[in-house]
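# Remarks on the overall topology
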Amino acid sequence: VIVIPVVVHVLYNKEEQNISADQIRAQIDILNKDYRRQNADAQLTPEVFRDLAADARIEFRLASEDPKGMPTSGIVRKKTTIDFFGTDDRIKSSRMGGDDAWDADQYLNIWTGNLAGGVLGYASLPGGSPDKDGVVIRYNVFGNTGGAFGKGRTATHEIGHWLGLRHIWGDTRCGDDGIDDTPPQVAPSRGCPSGVQASCDNAPGGSMYMNFMDFTNDECTNMFTLGQAQKMRLLFNEGGLRHALLSSARADGIPLEDVIDPAAPAPGEIKLYPNPSTGTLNLRFNADPPYGDIVIYNHLGQAVKQLRITESVAHISTIDLANGVYYVRVGSSKRAYKFIMAR
Ligand code: ZN
Ligand code: CA
């Protein structure tokens with residue numbers, strides 16, 4: 001699993017454009033679900049395309065460390081005198097009323113703000129200028145905001161471009177997007193098509209209008225293909241244009257596959273109880289000392305608590321943690337143990 005640290009630059013001229021941390025976290029959640037094919041609407045992929053649908057095994061985490069090594073929420077907020085940003089990249093320049101990019105070898109830069117001309121978002125492609133690298137998304141289609149483009153798929157789509165994907169119709173009549181398992185189609189899809197939409201001899205399935213790289217409304221897209229996933233992941237290989245990001249340690253990342261469900265009877269090194277926790281979490285080591293450090297992460301993979309345990313049973317106060325899902329990791333182990341805060 002590839003984990004990409006993310007910084008979100010929030011540019012606001014009016015208060016409504018100063019989007020909340022919750023809205024930003026909702027967007028990160030959507031990205032993780034879409035790129036891991038854990039999106040709830042994955043089941044809506046038509047049967048004929050289902051075997052082509054891919055878990056791209058790419059995940060996104062708000063940065064926990066800024067370029068100077070200081071702790072960060074991964075969110076930068078800046079008031080601007082600019083009413084509307086264009087697609088001229090001024091939003092990426094502090095001098096021009098935007099906010100400078102963080103090191104593109106270590107972060108995916110996302111800018112949100114008010115965009116002119118009905119633009120929902122745009123992306124830089126791999127191999128461009130590092131200070132312009134990243135994606136720009138209009139503030140009111142970032143996250144789960146409702147409406148035709150209110151399910152956060154503008155960011156899913158633009159990050160697809162940032163990872164080298166082209167539009168599914170190849171940007172020309174029956175064009176080629178360079179991906180074998182996406183059928184040709186005559187033009188972008190609009191709105192929310194259904195059934196088989198035939199064009200460009202693309203029988204039997206017709207157009208793959210539910211692909212994230214089409215122009216279909218958010219609620220009617222639900223997949224990347226295996227070919228698209230492979231193309232995105234190739235960028236991270238040795239010599240690939242996104243390879244440097246693999247060694248970025250600017251976010252705390254827990255690949256989801258390493259999470260151990262406490263309900264499963266797997267022999268773990270610790271036991272957590274009660275789970276859900278209401279304010280105190282007891283942690284019992286099943287091994288001999290020394291016990292060492294444990295780190296508690298929130299559902300975005302950000303460390304929220306770090307503790308040194310010297311007894312085989314520890315009582316950890318979780319009273320300061322909001323309700324939700326958390327993970328505990330022991331020492332340098334890659335395993336993470338899930339628990340829930342519910343009070
Ligand atoms: Zn596009
Ligand atoms: Ca194709």
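Here, the structure is the one placed above.
Throughout what follows, the structure given in this document is the object of discussion. (Residues numbered from 1 in each chain as written. Chains lettered and ligands numbered in written order. Predicted model: local features only at pLDDT ≥ 70, side-chain atom pairs only at ≥ 80, totals over all residues. Heavy atoms only, no water.)

## Thoughts on the nonpolar core
Judged by nonpolar contacts, the single largest core of 38 residues is most densely connected at Ile 4, Tyr 35, Ile 58, Phe 60, Ile 110, Ile 159 and Leu 163. Elements with a minimum of two residues in this core: strand 1 (2–12), helix 1 (21–35), strand 2 (58–62), strand 4 (108–113), strand 6 (135–138), helix 3 (153–162) and helix 4 (226–234). For this core, the element with the highest residue contribution is strand 1, accounting for five residues. With near-sequence residues (within four places) excluded, Phe 60 lies in contact with Ile 4, Val 6, Ile 28, Leu 31, Asn 32, Tyr 35, Leu 108 and Ile 159. Membership of the second largest hydrophobic core comes to 17 residues, among which are Phe 285, Ile 294, Ile 296 and Phe 339. (Core = buried A, V, L, I, M, F, W, Y, C linked by side-chain atoms within 4.5 Å. Buried < 20%, exposed > 50% of the residue type's maximum accessible area, 1.4 Å probe, protein only. Helix = DSSP H or I, 4+ residues; strand = E, 2+ residues; numbered from the N terminus. Contact = heavy atoms within 4.5 Å.)

## Description of the state of the cysteines
This structure, assessed with the given rule, holds two disulfides. Linked covalently through their sulfurs, Cys 174 and Cys 200 form a disulfide whose S-S length is 2.0 Å. An S-S torsion of about -80° defines the bridge between Cys 174 and Cys 200 as left-handed. Of this pair, Cys 174 sits in the loop between helix 3 and helix 4 while Cys 200 is found in the loop between helix 3 and helix 4, placing the two residues 26 residues apart along the sequence. With a relative accessible area of 34%, Cys 174 lands in the partly exposed category. The disulfide bridge from Cys 192 ends at Cys 220, spanning 1.6 Å between sulfur atoms. With the S-S dihedral at roughly -80°, the linkage between Cys 192 and Cys 220 falls on the left-handed side. Note that Cys 192 is positioned in the loop between helix 3 and helix 4 and Cys 220 in the loop between helix 3 and helix 4, a separation of 28 residues in sequence. Among the residues examined, Cys 192 registers a relative accessible area of 43% and is labelled partly exposed. A residue is classified by how much of its surface remains accessible, and Cys 220, at 13% relative accessible area, is buried. Here the bonded cysteines of the protein chain are numbered in sequence order, and their pairing is 1-3, 2-4. (Disulfide = S-S within 2.5 Å.)

## Here we look at the sheet that holds strand 8 (residues 270–273)
As summarised here, the arrangement of the three strands in space is 8-9-12, forming an open sheet in which the pairing is antiparallel. Edge positions in the sheet fall to strand 8 and strand 12 (313–317), since each of these pairs with one other strand and no more. For this sheet, the mean inter-axis angle between neighbouring strands, taken without regard to orientation, is 20°. As paired strands, strand 9 (residues 280–285) and strand 12 are joined by five bridges and run antiparallel to one another. Counted as the bridge partner of Leu 281 is Ile 316 from strand 12. (Pairing = 2+ DSSP bridges. Axes fitted to C-alpha atoms, helices over the stretch in contact; angles between N-to-C directions.)

## Considerations on the packing of aromatic side chains
On inspection of all chains with the given rule, the structure shows six aromatic pairs. Site record: aromatic cluster; members linked through ring pairs are Tyr 35, Phe 60, Phe 212 and Phe 224. (Phe/Tyr/Trp six-rings, centres within 6.5 Å; stacked < 30°, edge-to-face > 60°.)

## Focus on the side chain of Thr 221
In this fold, Thr 221 is placed in the loop between helix 3 and helix 4. Not counting chain neighbours up to four residues away, the residues in contact with Thr 221 comprise Asp 41, Arg 153, Tyr 209, Met 210, Asn 211, Phe 212 and Thr 216.

Read these as spatial facts, not as claims about activity.
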